[in-house]
Amino acid sequence: MTSPATAPLHDPTGDPAPGSTTEVKTTTCYMCACRCGIRVHLRDSGQGPQVRYIEGNPDHPLNKGILCAKGSSGIMKQYSPARLTQPLKRKAGTERGSGQYEPISWDETFLILEKRLSHLRATDPKKFALFTGRDQMQALTGLFARQFGTPNYAAHGGFCSVNMAAGMIYTIGGSFWEFGGPDLERAKLFVMIGTAEDHHSNPMKAMLSKFKRNGGRFIAINPIRTGYSAIADEWIPIRPGTDGALIMALIRELITLGLYDRDFVTRYTNAGQLVNQDEASDDFGMMMRNPEGDVINPLRHHNFMWWDREQGKPVADHAEGSDPRLFGEYAMPDGTPVKPAFQLLEERVRSCTPEWAEEITGVPAARIRALAHEMGVMARDQSIELPIAWTDFWGRKHKSVKGNPVAFHAMRGLAAHSNGFQSIRALSILMSLLGTIDRPGGFRHKAPYPRAVPPNARPPKGPASIKPNTPLDAPPLGWVETPADLCVDDQGQPVRIDKGFSWEYPFSAHGLMHNVITNAWRGDPYPIDTLMLFMANMAWNSTMNTSEVRKMLVDKREDGEYKIPFIVVCDAFQSETTAFADLILPDTTYLERHDAMSMLDRPISEYDGPCDSVRVPVLPPLGQCKPFQEVLVELAGRLHLPAFINADGGRKYKGYTDFIVNYETAPGSGIGFLTGWRGKNGDQSLRGEPNPKQWEQYAANNCVHHYSMPPEHQYMRNWNRGYLEWAQKVGLRRDLDPITIHIYSEFMQRFRLAAQGKGQGRQPPEALRDRVATYFDPLPFWYEPLEVQSSDKAAYPLAAVTQRPMAMYHSWDSQNPWLRQIHSHNFLFVNPKTAQAQGIEDGGWMWVESQWGKVRCLCRYSEAVEPGTVWTWNAIGKSKGAWSLTDKADESEKGFLLNHLISEELTSANGGKVSNADPITGQAGWYDVRVRIRAAAKDEAAQSWPQFSSTPALPGTAQTVPRWRAWFAGISK
Ligand code: SF4
């Protein structure tokens, strides 16, 4: 007789079991953030529908049927033993962190939350903080926070790539990934900087494959050659945090060689605009304005001045027949000295020679010169012309759309440094000099971008915005344009718990999630009461200084109360963070819920037009799991948040699906979360009355709505009158004004002037004036990342960075047995020369030390990393017991986190604490740490360090891993 252990596996090619039914349902993947379309094959043989197979949806515009390893493995996420299945409350009398919980009902859960949150809302709403991880519902979570009345809200962007978003949006009005990308259909040269295989994964792979087959040349600039870089025609290794210096040198070479697109630069950027050079003036560094010019938006006049090359005098910018000087210095009729912005850029980069950049970056000067030459000549000599007529903002008719086929892509490798904002400003300017913005073969926007520079939403202006039982007067996150927009008090001190939008990080458009726990623990700027975390593993890989942050979560005041009194965690899995919760809310998986990837948030638009998508449930929720969206809508009703109740006080929405269909940005605006099948009959796109059948229509159409614009609206959208008028009509833009590229940033200069006490109304506190004046430079510049500046580089000679593993999405897949077969532990990858110099063997145990801490890990030799850098995959190392892994799992025995070596704070110039972040945006400086390495002693334990005590399994999670290990494509009996 065959024992159960030796029974043959189910034969996936065999006939379905007698009586079983099969079905294929369409929804959207969420094994990473890319949102590919999927078809889920289900079989029901009496035990309810079960997933048998997931395939890519060939009819989906984003992935066109392609599915990656993660997407295929969604089946194992669905049936993970780490799934939470019921609401849990920390047992009375037990210590936080010990993992002792009791199941409670949703009724009790809501009563606990309602009682606590209604008290906070009625007394001091900012004592409630809501921070979320890589969720895809920030339009809803942000609305909830605003309606609650707390400014203490943000999602993962501040510790991910806010520098990329802000650096580009403050320059060209758009950004990479969701909001724009390279046009690899027509590009001939593609330069990828600081990108592993992560953002825009499947679409990028498909585009790259086609690009290479078409003979395109692909250059990867990165300290590490992995992921996409592995298939590059050329890898240019660079030291981490120095990309800005390389880009400054490339700009210098293009200007010196005259290899920039002069026509594009003069017409579409502010390069020709005259800048006040009177140092004694309060307007020093500001653009000269034409008092009779076109004032469309009082904050963003389009009434600037050019120095006309023929007439030799100042004229209104874009005056018919005029052509501006880009170089020189002039005097206005009243004697004010002025220079064109481009002259100032040339002066800025004059000293950024390739030799200067070689010293900083490690890239040979000759290579830098050749690269600049190649880009410039390719852009100039291989230009593209499409027979598409269009009209520009100033009424000029163009018979064709032109393009220069040099495309770029960059992400976190450029962004996650404390000098990232200025490096990304430099990249945006380089792309603009080559004439590649929203043109064929270059960078293309995706709706809702391009947006105004900066976009119109402003954060709350200070303490007056926060009132009991009252929504905030502005969304909690926004775009700062002047010092008056900062969220500070009368003394200039921060109002948010993460100090976002303060003088320390004025343009922190996505908040500073990595400082929330530390600030709340310290009570700086004030203590909070309730911290709600959603999908954010803040006790492990989503925090810097992990060991200390875990102590902060359990630290108590003198009166015995926790310093952060109440922590609510909503997640689908038992992560490291659930152990620190007072209340755990079990979320659903992506296969069990509705979701809207909304135009109000981060849609999946294509270059040719707006595109949004949804998820619909293909399975019922497991146990008592409830989508967080439903939790928020229910709580909003119970708390009587105005946007969620009717005039009579009754609930406006029956639940999340009803909310998504019926919510409008303003009464009767016709603009809601979804753009497809609007209007009573579902026959309108983008704008229209709510349609009660909207979900069904998405479900019947591959869960995606794609609106393709006419070709004459698809390019040059910053200045394309037809597009701009249409975009205003459908609500994508507020104002009808051109979106000028800001080679020179007046917004930055306003902050510098404020720091100098010159006429901006507000001045930073004295201790921050030098910081603001230094980093708020209206032109890009390269500086050493702040942590590097304060590191002993002789003692810690190496840079250490992480990448997201391509087979897993951060920590999400540690419980996935299919993906664990690819990675169950991580190595520190070290160039053999570097490792051998320290006597470290390939595969041997080693120590990595920074000024903040140390870890013991395994070494792997790699030629694919420049010798001054070491790196590892992020989030594979696990704490024992988390994710339902056994205590002997590789993830905790051999895996490690680099986070232990990275501090969330640095010492400021005046000896205080400041975030380890970009001083402009607050972007977490993940990649700035300096380390040294040494071999572990032979008699040391063969185990990674530090280790943490094991977390007990939570009630409701599967305690064992039974037959599903043998599950191949069918349930074994
Ligand atoms: S790239 Fe892979 S994991 Fe990400 S959404 Fe697409 S199929 Fe899913």
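Summary of the structure given here. (Residues numbered from 1 in each chain as written. Predicted model: local features only at pLDDT ≥ 70, side-chain atom pairs only at ≥ 80, totals over all residues. Heavy atoms only, no water.)

**Things to note about the sheet that holds strand β7 (residues 153–154)**
Note: strands within a sheet are paired through backbone hydrogen bonds, in either parallel or antiparallel orientation.
Right, so step 1: Ordered in space as β5-β4-β26-β25-β24-β6-β7, the seven strands form an open sheet in which the pairing is mixed. Each edge of the sheet is formed by a strand with only one pairing partner; in this case those strands are β5 (101–103) and β7.
Right, so step 2: Sheet topology note: the strand β4 (residues 88–90)/β5 ladder contains three bridges and is antiparallel. Paired with Lys89 across the strands is Glu102, a residue of β5. (Pairing = 2+ DSSP bridges. Helix = DSSP H or I, 4+ residues; strand = E, 2+ residues; numbered from the N terminus.)

**Examining the packing of helix α3 (residues 106–123) against helix α16 (residues 628–638)**
Right, so step 1: Close contact between α3 and α16 brings their axes to 10 Å; oriented N to C, the two are set at 55 degrees. When the axes of α3 and α16 are compared, the pair comes out oblique. Between α3 and α16 the crossing geometry is right-handed. Here α3 contributes Trp106, Phe110, Leu111, Leu113, Glu114 and Leu117 to the contact with α16, which in turn contributes Val631, Glu634, Leu635 and Arg638.
Right, so step 2: For the contact of α3 with α16, the residue count by class is seven nonpolar, no polar and three charged. (Axes fitted to C-alpha atoms, helices over the stretch in contact; angles between N-to-C directions. Parallel < 35°, antiparallel > 145°, perpendicular 65-115°, else oblique. Left-handed = near helix turned anticlockwise from the far one by under 90°. Contact = heavy atoms within 4.5 Å. Nonpolar A, V, L, I, M, F, W, Y, C, P; charged D, E, K, R; others polar.)

**Regarding the site of the ligand**
Right, so step 1: The environment of the ligand is made up of Cys29, Met31, Cys32, Cys34, Arg35, Cys36, Leu67, Cys68, Lys70, Gly71, Ser201 and Asn202.
Right, so step 2: Among the elements of the structure, α1 (69–72) and α6 (201–213) are those that each provide at least two residues to the shell around the ligand.
Right, so step 3: For the shell around the ligand, the class distribution of residues is seven nonpolar, three polar and two charged. (Near = heavy atom within 4 Å.)

**Points about the sheet that holds strand β22 (residues 406–410)**
Right, so step 1: Here four strands make up an open sheet; going across it, the order is β11-β10-β9-β22 and the pairing parallel. Pairing within the sheet leaves two strands with one partner each, and these edge strands are β11 (234–236) and β22. The sheet shows a mean angle of 20 degrees between the axes of neighbouring strands, taken without regard to direction.
Right, so step 2: Across three bridges, strand β10 (residues 217–221) lies against β11 in parallel orientation. Bridge assignment links Ile221 to a residue of β11, and that residue is Ile236.

**Details of the environment of Ala581**
Right, so step 1: Structurally, Ala581 is set in the loop between β25 (566–571) and β26 (583–586).
Right, so step 2: With twelve residues separating them in the primary sequence, Ala581 and Val569 have C-alpha atoms 5.7 Å apart.
Right, so step 3: Filtering out sequence-adjacent residues up to four positions away, Ala581 remains in contact with Arg90, Tyr101, Ile567 and Val569.

**Looking at the pattern of salt bridges**
Right, so step 1: Evaluated as defined, the whole model comprises 61 salt bridges.
Right, so step 2: Glu185 is paired through a salt bridge with Lys210; the nearest N and O atoms lie 3.0 Å apart. Note that Glu185 is positioned in the loop between β8 (180–182) and β9 (189–193) and Lys210 in helix α6, a separation of 25 residues in sequence.
Right, so step 3: Given a relative accessible area of 40%, Lys210 falls into the partly exposed group.
Right, so step 4: Where Glu234 meets Arg217, a salt bridge forms, and the shortest distance between an N and an O atom there is 2.9 Å. With Glu234 in strand β11 and Arg217 in strand β10, this pair connects stretches of sequence that are 17 residues apart.
Right, so step 5: Each member of the salt-bridge network shares a partner with another, and the members are Arg458, Lys461, Glu481, Asp485 and Arg750. (Salt bridge = Lys/Arg side-chain N within 4 Å of Asp/Glu carboxyl O. Buried < 20%, exposed > 50% of the residue type's maximum accessible area, 1.4 Å probe, protein only.)

**Considering the environment of Ile384**
Right, so step 1: Mapped onto the secondary structure, Ile384 falls in strand β18 (residues 384–386).
Right, so step 2: Not counting residues up to four positions away in its chain, the partners in contact with Ile384 are Arg186, Val401, Lys402, Gly403, Pro405, Pro440 and Gly441.

**Notes on the state of the cysteines**
Right, so step 1: Tallying each qualifying case throughout the model produces zero disulfides.
Right, so step 2: Free cysteine: Cys34, not disulfide-bonded; nearest cysteine sulfur from Cys32 at 3.5 Å.
Right, so step 3: According to the relative accessible area criterion, Cys34 is buried, its value standing at 5%. (Disulfide = S-S within 2.5 Å.)

**Considering the packing of helix α20 (residues 746–755) against helix α21 (residues 766–775)**
Right, so step 1: Look at α20 against α21: their axes get within 8 Å of each other, and the N-to-C directions meet at 150 degrees. In terms of axis orientation, α20 runs roughly antiparallel to α21. Crossing handedness for the pair α20 and α21: left-handed. On the side of α20, the interface is formed by Met748, Phe751, Arg752 and Ala755, while α21 contributes Arg769, Val772, Ala773, Thr774 and Tyr775.
Right, so step 2: Classifying every residue of the contact of α20 with α21 gives six nonpolar, one polar and two charged.

**Here's the deal with the pairing of strand β37 (residues 930–935)**
Consecutive residues of a regular strand have side chains that alternate between opposite faces of the sheet.
Right, so step 1: When strand β30 (residues 798–803) meets β37, the two strands line up antiparallel, connected through two bridges. If you follow Leu798 over to β37, its bridge partner there is Val931.
Right, so step 2: Bridge analysis of strand β32 (residues 845–849) against β37 gives four bridges, and the strand direction is antiparallel. Bridge assignment links Trp847 to a residue of β37, and that residue is Arg934.

Purely spatial values, then, with no claim about function.
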